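As a plain string of letters, each chain reads:
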Amino acid sequence: MELLTDEPHPPGEAVGEPGPGPEPAAASRPRVLLAAALGPLITGYAAVATVLAVVALTAGRAAFSGTGVLLAAGPGWLAAHQVRLGIGGHPLGVLPLLPTLGVLALTVRTASGAARRLGCRSFREARPVLVAITGAHAVFGLVVALCAQGSPVTANPVAAFAVPGLLAAAASVAGIVRSCGLPDAVADRLDPLALRGLRTGATSLAVLVACGAAVFTVATGLSWSTVASTYEPGLGTSAGLFLLSLLYLPNAVTAAMSFVTGPGFSIGSLTVGMFGYRGGPVPAVPLLGGLPEQHAAWWPALLVLPAAAGALAGWSLRRVDADPAQRIRAVAVAGAVVALGCVVLGTLAGGRLGDGLFDPVSVPVGVASIVAFCWIVIPGSFVAFFAGEHEPPAPPPEALEDNEAFEDADDVDPEEASEAVEELEASEEDEAEPDEDAEFEAEADAELGLEDPPLSRESAASAPAPLSRESAAEVGEAVTGGTETCGDVEPAEGDR
């Protein structure tokens, strides 16, 4: 119920809608920025340390050390930010995606909350939040990499500075856009049709990921006996394997998505594709218990899933515009978003895995992105073209004039309309009947040879110039004088 107050509501403002908030005081602004910069760092570091502590406590033959856990949490934090590590001189590039997704979600929420607390109404006003969060992550990653030099687990300082900074910047931008909207430069130039394509592309990428997750779940369920045999007796070992499988679950779903779309994935010498298979050893991890042992002839039937995702994208874009070409353009934008998402996910899901039999773990990023683009664009364009509206052809100008005349016909008096029609018919008959007098005169002139033949260019050039008034007067007097003496002239013999 609305409360009665003495202050009226401004026009155009919804009752009860929260505004951007009051401007913060000068002393609270640095505190908000400091909390936004350090909050994700402390929370992420504490989460990694907690996981390592649980693993150390449940391990049967490991001695728990608080200092060791805190020191190991630094490289773990770098791994959560997708910084490649070196363990005993062996590369470790296949890093878990689940902690990365959690870090990104935490940064997005922190940036969005800081922008709201600062009362930012535009992206430009929220730039300090972006700078604070990005700078803190980059500096912290560099410090951790420098402190880890000489230890069994190392990281490249340049990568430790750049990669966490880039991830934090991307997440901060997403959080600020969530609170303040797009930047003015982007909002002014962004086509609404392209924006709809971007949203549909994000949804289509989520649908493809869901298809990969469904295939992975079914394969794991059908091979549950193999999955159960990978667990070793003992709570600590089983808990560690389960935790390892859970952290790498998004990596496995990404590989399954690449398999569903066609290209597949590889682990060392093992290659699993929709139309090809080459066997090889795999790590004894429950996450990989559902891998097939040989190729099956029914695998190509799974291609109906990405085709359905493309058709769904076209169906969602069938009403964005009456022009079919514009709808196909929106579908192409959605396909580009899906292709870019496949590149990012495939790059993060794979990498080096030591120097042994299981190195490397890879997804064919280039082929997977192109194939995913085709799966969205081809079925989506077909559905968007035929399921949407089609503009009728433009009528000719004569038809428009006739329509206007018919539209104005209701305002005309019937008697006046009939009189106008009779006058129009009479004028047409007069124009159609030839003039008899004019025809008779033309025939007479033709018989007497009085028609003036058409002049050629030479005759027209030699023709005399028209007479002036004085010359005409002299000619008239001469003619008059000549006629007066005509009576005294005797006729010639032939005339008699």
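Caption draft 1: Structural context of the packing of helix α2 (residues 66-80) against helix α4 (residues 127-147). Two elements in contact, α2 and α4, have axes separated by 10 Å at closest approach and are oriented at 135°. Overall, the two elements α2 and α4 adopt an arrangement that is oblique. The hand of the α2/α4 crossing is left-handed. Between α2 and α4, the contacting residues are G74, P75, W77 and L78 on the first element and H137, F140, G141, V144 and A145 on the second. Broken down by class, the residue content of the contact of α2 with α4 amounts to six nonpolar, three polar and no charged.

Caption draft 2: Highlighting helix α5 (residues 157-180). Here α5 contains 24 residues, and its C-alpha end-to-end distance of 34 Å stays within 8% of the 34 Å for a straight helix at 1.5 Å per residue. When α5 is considered as a whole, its buried residues turn out to be A160, P164, G165, L167, A168, A171, S172, G175, I176 and C180. G181 occupies a position one or two residues after α5 and carries a positive phi of about 90°.

Caption draft 3: Molecular detail of the side chain of S381. Here S381 is to be found in helix α13 (residues 365-387). Apart from the residues lying within four places of it in its own chain, the contact partners of S381 are I328, V331 and I376.

Caption draft 4: Representation of the pattern of salt bridges in the model. Considering all chains together, one arrives at three salt bridges under this definition. Between R352 and D355 there is a salt bridge, and its shortest N-O distance comes to 3.0 Å. Classification of R352 by relative accessible area gives partly exposed; the value is 38%. Here D359 makes a salt bridge to R352, at a shortest N to O gap of 2.9 Å. Exposure remark for D359: the relative accessible area of 18% places this residue in the buried category. A cluster of three or more residues bridged by salt bridges with shared partners is formed by R352, D355 and D359.

Caption draft 5: Inspection of the sheet that holds strand β3 (residues 153-155) at higher detail. Ordered in space as β2-β1-β3, the three strands form an open sheet in which the pairing is antiparallel. The sheet is open, and its two borders are formed by β2 (90-92) and β3, each paired with just one other strand. Looking at each pair of strands side by side, their axes are set apart by 35° on average, direction ignored. In terms of strand pairing, strand β1 (residues 85-87) meets β2 through three bridges, oriented antiparallel. Each residue of the ladder has a partner; that of G86, found in β2, is P91.

Caption draft 6: Quick peek at the packing of aromatic side chains. Counted according to the given criterion, the structure contains six aromatic pairs. Ring geometry for F382 and F386: centres 4.8 Å apart, planes at 50°, overall tilted. Taken as a pair, F382 and F386 lie in helix α13 at a separation of four residues, close to a single helical turn. The same class applies to F382 as to F386, namely exposed. Put simply, the rings of Y45, W77 and F140 pair up and form one aromatic cluster. One Lys or Arg, R318, reaches over the ring of W315 and ends 3.8 Å from the middle of that ring.

Caption draft 7: Region of interest: unusual backbone geometry. Cis geometry is adopted by the peptide bond preceding P360, which originates at D359 and carries an omega value of -5°. With respect to the helices and strands, the residue P360 is situated in the loop between α12 (324-349) and β7 (361-362). The backbone of Q82 shows a phi angle near 60°, a positive value even though the residue is not glycine. Relative to the helices and strands, Q82 resides in the loop between α2 and β1. Taking the relative accessible area as the measure of exposure, Q82 reaches 5% and is therefore buried.

Caption draft 8: Structural view of the sheet that holds strand β6 (residues 277-278). Reading across from one edge, β6-β5-β4-β7 is the order of the four strands in this open sheet, with antiparallel pairing throughout. Looking at which strands have only one partner, the edges of the open sheet turn out to be β6 and β7.

Caption draft 9: View of the confidence of the model for the protein chain. Counting all residues, the mean pLDDT for the protein chain is 81, and 71% of those residues have values of 70 or more. Segment residues 1-21 is flagged for pLDDT under 50; beyond a separation of four residues in sequence, or across chains, it makes eight contacts in the model.

Caption draft 10: Up close: the environment of L167. Examined against the element boundaries, L167 turns out to sit in helix α5. Linking L167 and L104, residues 63 residues apart in sequence, is a C-alpha distance of 7.2 Å. Dropping the residues within four chain positions of it, L167 is found in contact with H81, T100 and L104.

Caption draft 11: Local environment of the nonpolar core. Core analysis: the largest hydrophobic core is formed by 22 residues, its most contacted members being F216, F259, F265, V272, M274, L287 and W299. Breaking this core down by element, the ones donating at least two residues are α7 (192-222), α10 (249-261), β4 (265-267) and β5 (270-272). The element that contributes the greatest number of residues to this core is α10, accounting for five residues. In this view, W299 contacts F259, V272, G273, M274, Y277, P292 and Q294; residues no more than four positions away in its chain are not counted. Judged by nonpolar contacts, the second largest core, of 16 residues, contains V32, A36, C120 and I176.

What counts and how
- In this numbering scheme, every chain counts its residues from 1 along its sequence in written order.
- Given that the model is predicted, a residue must reach a pLDDT of at least 70 before its local features are reported, and side-chain atom pairs must reach 80 or more before they are shown or counted; all residues, however, enter totals for whole chains, interfaces and linings.
- To obtain the side-chain values, all non-hydrogen atoms of the structure were used and water was disregarded.
- Structural elements are reduced to axes, namely lines fitted to C-alpha atoms, with helices fitted over the stretch in contact, and the angle between N-to-C directions of any two is expressed from 0 to 180 degrees.
- Put simply, DSSP H or I for four residues or longer makes a helix, DSSP E for two residues or longer makes a strand, and each gets a number counted from the N terminus.
- For classification, angles of less than 35 degrees are called roughly parallel, those exceeding 145 degrees roughly antiparallel, those between 65 and 115 degrees roughly perpendicular, and all remaining angles oblique.
- Less than a right angle of anticlockwise turn of the near helix away from the far helix marks a crossing as left-handed, whereas a clockwise turn marks it as right-handed.
- Contacts are assigned to residue pairs with any non-hydrogen atoms lying within 4.5 Å of each other.
- As a working rule, the residues Ala, Val, Leu, Ile, Met, Phe, Trp, Tyr, Cys and Pro are called nonpolar, Asp, Glu, Lys and Arg charged, and the rest polar, with Gly in that last group.
- The span expected for a helix works out to 1.5 Å for each residue beyond the first.
- A simple rule labels every residue: compare its accessible area, found with a 1.4 Å probe on the protein chains alone, to the largest value its type can have, and call it buried under 20%, exposed over 50%, or partly exposed in between.
- Between Lys or Arg on one side and Asp or Glu on the other, a salt bridge is scored when a side-chain nitrogen of the former is within 4 Å of a carboxyl oxygen of the latter.
- Two strands are counted as paired when DSSP detects at least two bridges linking them.
- Pairs were defined over the aromatic rings of Phe, Tyr and Trp, the Trp ring being its six-membered one, requiring ring centres within 6.5 Å. Orientation was assigned from the angle between planes: stacked under 30 degrees, edge-to-face over 60, tilted for the rest.
- Either the NZ atom of lysine or the CZ atom of arginine qualifies as a charge over a ring when it sits within 6 Å of the ring centre and within 35 degrees of the ring normal.
- Looking at any residue, its pLDDT shows the predictor's confidence there, from 0 to 100.
- Within this scheme, the nonpolar core is defined by two criteria: the residues are buried Ala, Val, Leu, Ile, Met, Phe, Trp, Tyr or Cys, and they are joined through side-chain atoms within 4.5 Å.

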